[in-house]
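The lines below spell out each chain.
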Amino acid sequence: MKQVTPYLSFNGNAKEALEFYKSVFEGEIVGIQTFGEADFPTPPEADNLIMHARFEKGDFVLMFSDAFPGHSVEMGSQISLTIEPENEEQIQTLYNRLSDNGTVVMELQDTFWGARYGKVKDQFGITWDLNLQK
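Here the structure is a predicted model, which means the values were calculated and not measured.

Side note on the overall build of the chain
Phase 1 of the analysis: Secondary structure summary: the chain contains 2 helices and 8 strands in total.
Phase 2 of the analysis: In the chain, the succession of α and β elements from N to C terminus is β-α-β-β-β-β-α-β-β-β.
Phase 3 of the analysis: Taking 14 Å as the expected radius of gyration for a compact globule of 134 residues, we find that the chain reaches 15 Å, a close match to that expectation.
Phase 4 of the analysis: Dimensions of the chain, computed from the C-alpha atoms along their principal axes, are close to 35 × 35 × 30 Å.
Phase 5 of the analysis: Counting only residues that meet the buried cut, the chain has 38% of its 134 residues in that class.
Phase 6 of the analysis: In the chain, of all internal contacts separated by at least 6 residues, the share reaching a separation of at least 24 is 53%.
Phase 7 of the analysis: Accessible surface for the chain amounts to roughly 8,100 Å². Of this, 50% is attributable to carbon and sulfur atoms.

In structure tokens:
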């Protein structure tokens, strides 16, 4: 596995936060996709919200997203940890182990962005994004 990456979630101000952290850490924004650009049905008011963004400064990586319309992020719970497993067996094993006595937020599945992805809150309340890019 690669490193664990913090995933920061926001209530409509992810772009502002992304620019702030860019100035703080002096890195670069290496990708931004809005909900409007995604091949996924979203309400028009979400078109300019960030679905996913990635910031890098050398090996230091942060990921960003706005909450989907109708959902919100509570202060103190806006960070999840992203793991990028090496293969199908590893992502399935991690998903099974983390969801045991935990809560599945999003079932492990193939996605429109070309990955196998699942989101789980473990028994200790830590949220994990499992993303195997294909």
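As for the pattern of salt bridges
Phase 1 of the analysis: Scanning the model with the defined rule gives 6 salt bridges in all.
Phase 2 of the analysis: One salt bridge connects Lys134 with Glu88, and the closest N-O pair in it is separated by 3.7 Å. Of this pair, Lys134 sits in the segment after β8 (127-133) while Glu88 is found in helix α2 (residues 88-99), placing the two residues 46 residues apart along the sequence.
Phase 3 of the analysis: Of the residues examined, Lys134 reaches a relative accessible area of 59% and is grouped as exposed.
Phase 4 of the analysis: Of the charged contacts in the structure, one is a salt bridge between Asp129 and Lys119, with a shortest N-O distance of 2.9 Å. Here Asp129 is found in strand β8, whereas its partner Lys119 is found in strand β7 (residues 115-121), with 10 residues between them in sequence.

A few points about the sheet that holds strand β4 (residues 60-66)
Phase 1 of the analysis: The 8 strands lie next to each other as β2-β3-β4-β1-β5-β8-β7-β6, forming an open sheet whose pairing is mixed. Where the open sheet ends on each side, the last strands, each with one partner, are β2 (28-34) and β6 (103-110). Pairs of neighbouring strands in the sheet enclose a mean axial angle of 20°, with direction left out of account.
Phase 2 of the analysis: Two strands pair when backbone bridges link them, and strand β1 (residues 5-10) and β4 are joined in this way by 4 bridges, in the parallel orientation.

Quick word on the environment of Gln78
Phase 1 of the analysis: Along the chain, Gln78 turns up in the loop between β4 and β5 (79-83).
Phase 2 of the analysis: Each C-alpha atom, one on Gln78 and one on Phe112, is 24 Å from the other, the two residues being 34 residues apart in sequence.
Phase 3 of the analysis: For Gln78, the contacting residues outside a window of four places in its chain are Tyr7, Leu8, Ser9 and Val73.

Notes on the environment of Leu49
Phase 1 of the analysis: Within the fold, Leu49 resides in the loop between β2 and β3 (50-57).
Phase 2 of the analysis: Along the sequence, Leu49 and Glu28 sit 21 residues apart, while their C-alpha atoms lie 19 Å from each other.
Phase 3 of the analysis: Sequence-distant contacts of Leu49, that is, excluding residues within four places in its chain, are made with Gly12, Gln33, Thr34, Phe35, Asp66 and Ala67.

So, the layout of surface pockets
Phase 1 of the analysis: Roughly 1,400 Å³ of internal volume is contained in the largest pocket.
Phase 2 of the analysis: Lining the largest pocket we find 44 residues, and of these Tyr7, Ser65, Tyr117, Lys119 and Asp129 sit closest to its centre.
Phase 3 of the analysis: Listing elements by their share of the lining of the largest pocket, those giving two or more residues are β1, β2, β3, β4, β5, β6, β7 and β8.
Phase 4 of the analysis: For the lining of the largest pocket, the residue count by class is 18 nonpolar, 18 polar and 8 charged.

Conventions and cut-offs
- Residues numbered from 1 in each chain as written.
- Predicted model: local features only at pLDDT ≥ 70, side-chain atom pairs only at ≥ 80, totals over all residues.
- Heavy atoms only, no water.
- Helix = DSSP H or I, 4+ residues; strand = E, 2+ residues; numbered from the N terminus.
- Rg over C-alpha atoms; globule rule 2.2 N^0.38 Å.
- Buried < 20%, exposed > 50% of the residue type's maximum accessible area, 1.4 Å probe, protein only.
- Contact = heavy atoms within 4.5 Å.
- Areas by Shrake-Rupley, 256 points an atom, 1.4 Å probe, with all protein chains shown as cover.
- Salt bridge = Lys/Arg side-chain N within 4 Å of Asp/Glu carboxyl O.
- Pairing = 2+ DSSP bridges.
- Axes fitted to C-alpha atoms, helices over the stretch in contact; angles between N-to-C directions.
- 1 Å grid on protein atoms, 1.4 Å probe; cavity = no way out; pocket = protein on both sides within 12 Å on 5 of 7 lines; lining within 4 Å.
- Points joined across faces, edges and corners; volume = space filled by probe spheres on them.
- Nonpolar A, V, L, I, M, F, W, Y, C, P; charged D, E, K, R; others polar.

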